[in-house]
Amino acid sequence: MPVPFAVYVHVPFCARRCGYCDFNTYVAGPQARAAFARQAVKELELAAAELDRTRQAGRTASSVFFGGGTPTLLGPATLVKLYDAVRRVFGVAPGAEVTAEANPDSIDEGGLAELAAGGFNRVSFGMQSALPQVLARLDRTHDPERVALVVAAAGRAGLEASVDLIYGTPGESLADWEASVRAALALGVDHISAYALTLEPHTPMARRVRAGELGPIDPDDQADKYELADELLTGGGLSWYEISNWARPGHESRHNLGYWTGADWLGIGPGAHSSIGARRFWNVKSPAVYGRTIAAGRLPRAGGETLDAAASQLERVMLRLRTAAGLELAALSPDGLAAVPQLVADGLVRVAAGPGADRAGAGGGVVLTRRGRLLADLVVRALTSR
Amino acid sequence: MPSTDSTDPELIRNFCIIAHIDHGKSTLADRMLLKTGVVDQRAMRDQYLDRMDIERERGITIKSQAVRLPWTVGGREHTLNMIDTPGHVDFSYEVSRSLAACEGAVLLVDAAQGIEAQTLANLYMALEGDLDIIPVLNKIDLPAAQPDKYAEELARLIGGDPSDCLRVSGKTGEGVEELLDGIVRRVTPPAGDPEAPARALIFDSVYDTYRGVVTYVRVVDGHLGARERIAMMSTKASHELLEIGVISPEPSPRPGLGVGEVGYLITGVKDVRQSRVGDTITGAAHPASQPLAGYRDPKPMVFSGLYPIDGSDYTALRDALDKLKLNDAALTYEPETSAALGFGFRCGFLGLLHLEIIRERLEREFGLDLISTAPNVVYEVSLDDGSRHQVTNPSEFPSGKVASVREPVVRATILSPSQFTGAIMDLCQSRRGTMLGMDYLSEDRLELRYILPLAEIVFDFFDQLKSRTKGYASLDYEPDGSAEADLVKVDILLQGEPVDAFSAIVHKDKAYAYGVMMANRLRKLIPRQQFEVPIQAAIGARVIARENVRALRKDVLAKCYGGDITRKRKLLEKQKEGKKRMKMVGRVEIPQEAFIAALASDAE
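Here the structure is a predicted model, which is why all the values come from computation and not from measurement.

So, how was this worked out
- Residues numbered from 1 in each chain as written.
- Chains lettered and ligands numbered in written order.
- Predicted model: local features only at pLDDT ≥ 70, side-chain atom pairs only at ≥ 80, totals over all residues.
- Heavy atoms only, no water.
- Contact = heavy atoms within 4.5 Å.
- Buried area = accessible area lost by both parts, 1.4 Å probe.
- Salt bridge = Lys/Arg side-chain N within 4 Å of Asp/Glu carboxyl O.
- Polar contact = N/O pair within 3.5 Å; in protein donor to acceptor, adjacent residues only side chain to side chain.
- Helix = DSSP H or I, 4+ residues; strand = E, 2+ residues; numbered from the N terminus.
- Nonpolar A, V, L, I, M, F, W, Y, C, P; charged D, E, K, R; others polar.
- Pairing = 2+ DSSP bridges.
- Axes fitted to C-alpha atoms, helices over the stretch in contact; angles between N-to-C directions.
- Buried < 20%, exposed > 50% of the residue type's maximum accessible area, 1.4 Å probe, protein only.
- Lys, Arg positive; Asp, Glu negative; His and termini not counted.
- Arc of directions from axis to C-beta.

A. Geometry of the interface of chain A and chain B. If you look at the interface, chain A gives 47 residues, while chain B gives 29 residues. Summing both partners gives a buried area of about 3500 Å² for chain A against chain B, and 53% of it is carried by carbon and sulfur. The interface formed by chain A and chain B contains 11 salt bridges. Residue Glu305(A) pairs with Lys570(B) through a salt bridge whose shortest N-O separation is 3.5 Å. Linking chain A to chain B there are 21 residue pairs in polar contact (both at pLDDT 80 or more). Every element with two or more residues in the side of chain A that touches chain B is listed here: strand S1 (5-11), strand S6 (191-196), helix H8 (219-235), strand S11 (279-283), helix H11 (309-320), helix H13 (370-374) and helix H14 (376-383) of chain A. Considering only residue class, the side of chain A that touches chain B consists of 22 nonpolar, 10 polar and 15 charged.

Structure representation (structure tokens):
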């Protein structure tokens, strides 16, 4: 089976910056946004030409994902135009998953219908929380009531809907979090992502925490919330398929799974990362530099590397292990294999035995337990230690 | 200078200077070198006699030397041999040998501070050796000098009249000539039998990279000639004399040394253990039958484990110790393995300062990063089954039923202004001291004498004494055998596994405090693991203190944003690197830094 090929388009714009956010995104006017759309098309063409030269031509995308930033700030028409460019340049496989991220207040029923008509079949809403005070702390501007409206509108337009949640915001109680998870479940969506708030040191929120204006990020609190979410979501009929993602069977995001299971992907847009075979490369972060480089007819690469065997092994373990399908035992080094019994004894992993037990393959695989999911990095270190 | 190869004993004066560390001995010695013309002003370095950097920085002298000074009195040139003495309590045996090489001692006291405990101890040693004592008050140029008060004090100590006390300033040179005259007049010339078989006392022995061991001697009887074969009376080893001479102030070869003369000799041996301080040198052809009295094997009193922070430095540490040993007969070491710290050495030292100096030299001169375990003394443990065990490392404390434990004790002398008497008595009390007596040195200065366990002194006694007396008290001590004490071994256990590096032998009454302190310290230092880590302090099977490092519940990145898996992989690689530097105790990973912090004596 050929390695799946995914295209990710990074839209580096937001209506405003949120205090916790470390993503490569900027507040920019309509002109810059329009310029970006033209540049992204050009980058697609340059990147395809390069893949041609490196004999990786003829790749048909099995998934396309518009993330950000806030892709819907470009407007549905521009997003559709960009998607058309992907189709034109690479081709898109029948039944491919095509997703746009959206803020609940940056899209409406008409816009969703327009995306659906343009070939999109999935939308991922940044819900984050159901509670106004938590949303305010996160600098999110949408009215929590609006989430249900846009999810329903997406359904009417024939789009699969997913919502993202964030847990562990300073000031969020366990009961607050429970309310958010229950509200997300009540939307009836088939896919929910829940991410622990992770503060990068240079963000405004991290500074406020350091200054003592906001309570600290407590990993134990986040662990409690993860466990609660897993219970509630499982009870609601969704199963975890990756550490931070839950879905009803058959509704897992294929694009996301691609990241964890060794797909190739091409990242388009400022700061986007690509992974093709053993090559990893990434674009410049600044939209201005990005624009100028493309205008000069060059790919806006900031850096890259080719993984050696050890790095490939570490990457494979760290990514596959995050999935419910787990990591095939055969992929482990002898030392990694030797570490498995202790990890099982510690209740961090289980070994899924025999063919068909799951997607780990005939040789069986290592799958994280719930406790293990919260300590996945520790498990990876144990499985890759020499 | 006589034309024969040795000097007439009548014209020789052998003396040393007894002084506290900062009472200006080196400055005075420099001044004497200048006045006698053996060094000119331009060649003078400050503190000419102290050679090593560490000594210069700390203002102390570790290794003594002897300098020959010509001084004319009454028209006759005399030979003054100034024998330098080490100025710290750890080297009291070396001091005693230096004193044994002299007939006189200059008792040098800071005119602004009065006599200090160490000086007093050395003075008593000199008085016991029947040395002629010349009391001298130094730094009389200081505005704070109180020469009358301290002359009174010195007269009371050594007998005699306050007016016998000379007054000098090493800094300005005032009174130094009178002092040199005084040495000639007041110190007895050496007496020995020139016809007897040769006997020379080794009072110092220094390793030199180019010459091998340079041995400093004082000839008592007979004569040592160049190219003669000599014998060491304690080891019976014999060597060819390659060179013999005097220091003035650079080595200068001579045909031989006679009765009363002080000089150096070189035999080509490479290790100071072959030329031991206190040993007697005799002629191999006509050996003496009796060695000079007072020889003692150097005996380490304080032990500590030294471990390289980077395990691959083990060989470098061994080589460095081998090198230091060449110049340090008292340093002992043997390989030791700690479950927690890896491969290292259990090292024996004369005392705490000796330990600090060796450690500092290993780090500074050999570029090693070291962890040292808490210093401990040697215990003698007797079990109910009648067996006896020497314990130099708490982890070797026998596990059987203990009948008794003996620990080394010292006879300590503390001098202090009388206002701090209460504070000192409290401190000594809390350190299990037994008072022997107390005397007034002067109206407001007191001498207190105690028997104290050496282990208490090794801990932080000196720091405590200084802080409780605003720095005024001084301390000296000498070994005084051993005493039985109610001692127990406290183990520190992580997840039920003892951590050898943290075990300590402490008095039963202090076991609880030690256990609580260590458990609490470790709780703050040990990072959370995926399982709960109980920290226990225990005596045998009985747990006396307990803490807990709660289990780590979350160690996972939520998201690989925008497909940036490179960053996450790099982070994991960094974590894995960090893990390699962890020490394992059972299944508990402990960062190196936590060990260092936990073992640091200055941690809160």
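B. Examining the sheet that holds strand S13 (residues 327-328) of chain A more closely. All names here are of chain A. The sheet built from three strands is open, its strands ordered S13-S15-S14 with antiparallel pairing. The sheet is open, and its two borders are formed by S13 and strand S14 (349-352), each paired with just one other strand. With two bridges connecting them, S13 and strand S15 (residues 365-368) associate as antiparallel partners. When the sheet's bridge partners are listed, Glu-328 is paired in S15 with Gly-365. Against the sheet, helix H12 (residues 334-345) engages S14 and S15, with an angle of about 115° to S14.

C. Quick look at the pairing of S1(A). Residue and element names in this part refer to chain A. Where burial is concerned, most of S1 is hidden: seven out of the seven residues are buried. What you see with S1 is no split at all: Phe-5, Val-7, Val-9 and Val-11 on one side and Ala-6, Tyr-8 and His-10 on the other are buried throughout. One ladder, built from five bridges, connects S1 with strand S9 (residues 264-268); its direction is parallel. Its bridge partner being in S9, Ala-6 is matched across the sheet by Trp-265. Relative to strand S2 (residues 61-68), S1 runs parallel, the two being bridged by six bridges. Opposite Tyr-8, over in S2, you have Phe-65 as the bridge partner.

D. Fine view of the side chain of Arg97(B). Residue and element names in this part refer to chain B. Within the fold, Arg-97 resides in helix H3 (residues 92-100). Buried and unpaired, Arg-97 has Glu-94 as its nearest opposite-charge partner, separated by 8.6 Å. Side-chain polar atoms of Arg-97 contact the backbone oxygen of Ala-293, separated by 3.4 Å. The residues contacting Arg-97, other than those within four sequence positions of it, are Leu-201, Ile-202, Phe-203, Val-277, Gly-278, Ala-293 and Gly-294.

E. Representation of helix H13 (residues 592-599) of chain B. All names here are of chain B. Those residues of H13 that fall on the buried side of the exposure criterion are Gln-592, Ala-594, Phe-595, Ala-598 and Leu-599. Seen along its axis, H13 keeps its buried residues to an arc of 165°; they face one direction. Looking at the buried residues of H13, the elements they touch are strand S20 (370-372), helix H11 (508-525), strand S32 (582-585) and strand S33 (588-591).

F. Examining the pairing of strand S4 (residues 122-128) of chain A more closely. Residues and elements named next belong to chain A. Counting buried positions over the seven residues of S4 gives seven, a clear majority of the element. Across the two faces of S4 the burial is the same, with Arg-122, Ser-124, Gly-126 and Gln-128 and Val-123, Phe-125 and Met-127 all buried. In the sheet, S4 pairs with strand S5 (residues 160-167) via six bridges, with the strands oriented parallel. Following the sheet pairing, Val-123 is matched in S5 by Ala-161.

These figures capture arrangement, not role.
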